[in-house]
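These are the residues of each chain, in order.
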Amino acid sequence: MCNTPMAASPAQTHMQGPADVNGSGKPLTKAELDGVKKELEEIKAKYGLKEPTRSFMDDESDTKWRFGGPPDYSLTNLCYLKQRTKEHPENSLEKIVENLVKT
């Protein structure tokens, strides 16, 4: 299990139900989210990792986001990168599938 502040905001969960990780159910504060983002950047730099590509979030089309903008996947990406066991080569079929699944 990922050892980081573990409550998601409604924007992170898209209101899919209670976030009862660690039993708190409370959204992350701005300070906690900033800490998550800092830790995410540190492990990416230290180990040369990349966050999953979510191509739909870069689309500048007529998307109307439920919370005014795309969701923040920082906490999800941090836990994912901490727990992953394999880094697939760039442009490999495995990497393409990984990005599709994470989208």
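Residues numbered from 1 in each chain as written. Predicted model: local features only at pLDDT ≥ 70, side-chain atom pairs only at ≥ 80, totals over all residues. Heavy atoms only, no water.

## Structural notes on the environment of K95
Reasoning step 1: Relative to the helices and strands, K95 is located in helix α4 (residues 93-102).
Reasoning step 2: Using a relative accessible area of 5% as the deciding quantity, one classes K95 as buried.
Reasoning step 3: C-alpha of K95 to C-alpha of T53: the two residues are 42 residues apart in sequence and 9.7 Å apart in space. (Helix = DSSP H or I, 4+ residues; strand = E, 2+ residues; numbered from the N terminus. Buried < 20%, exposed > 50% of the residue type's maximum accessible area, 1.4 Å probe, protein only.)

## Observations regarding the nonpolar core
Reasoning step 1: L28, L33, V36, L40, I43, L49, L75, L78, C79, Y80 and L81 form the largest nonpolar core, which has 11 residues in total.
Reasoning step 2: Ignoring anything within four residues of it in the chain, the contact list for L40 reads E51, S74, N77, L78 and L81. (Core = buried A, V, L, I, M, F, W, Y, C linked by side-chain atoms within 4.5 Å. Contact = heavy atoms within 4.5 Å.)

## Notes on unusual backbone geometry
Reasoning step 1: The residue N91 is not glycine, and still its phi comes out positive at about 65°.
Reasoning step 2: With respect to the element layout, N91 can be found in the loop between α3 (74-83) and α4.
Reasoning step 3: According to the relative accessible area criterion, N91 is exposed, its value standing at 68%.

## Observations concerning the packing of helix α2 (residues 30-47) against α3
Reasoning step 1: Closest axis-to-axis distance for the α2/α3 pair is 9 Å, and the angle between their directions is 40°. Like other packed secondary-structure pairs, α2 and α3 cross with a definite hand, here left-handed. Contact residues: L33, V36, K37, E39, L40, I43 and K44 in α2; S74, L75, N77, L78, L81 and K82 in α3.
Reasoning step 2: The class makeup of the residues in the contact of α2 with α3 is seven nonpolar, two polar and four charged. (Axes fitted to C-alpha atoms, helices over the stretch in contact; angles between N-to-C directions. Left-handed = near helix turned anticlockwise from the far one by under 90°. Nonpolar A, V, L, I, M, F, W, Y, C, P; charged D, E, K, R; others polar.)

## Here we look at α3
Given 3.6 residues to a turn, an α-helix orients residues that are three or four positions apart in the same direction.
Reasoning step 1: A large share of α3 lies buried, amounting to seven of its 10 residues.
Reasoning step 2: All of the buried residues in α3 are S74, L75, N77, L78, C79, Y80 and L81.

## Here we look at α4
Reasoning step 1: Those residues of α4 that sit buried are K95, E98 and N99. One side of α4 holds all its buried residues, which, seen down the axis, span an arc of 95°. Pointing more than 90 degrees away from the buried face of α4 are the exposed residues L93, L100 and V101.
Reasoning step 2: If you follow the buried residues of α4, they end up packed against α3. (Arc of directions from axis to C-beta.)

## As for the pattern of salt bridges
Reasoning step 1: Applying the stated rule across the entire model yields 10 salt bridges.
Reasoning step 2: The residue D72 makes a salt bridge to K37 at a minimum N-O spacing of 3.0 Å. Highlighted residues: D72 in the loop between α2 and α3 and K37 in helix α2, separated in sequence by 35 residues.
Reasoning step 3: Two residues, E87 and R84, come together in a salt bridge whose shortest N-O distance is 3.1 Å.
Reasoning step 4: Here E87 falls in the partly exposed class, since its relative accessible area comes to 33%.
Reasoning step 5: One network of salt bridges, in which partners are shared, links R84, E87, K95 and E98. (Salt bridge = Lys/Arg side-chain N within 4 Å of Asp/Glu carboxyl O.)

Take it as geometry only, folks, not as evidence of what the structure does.
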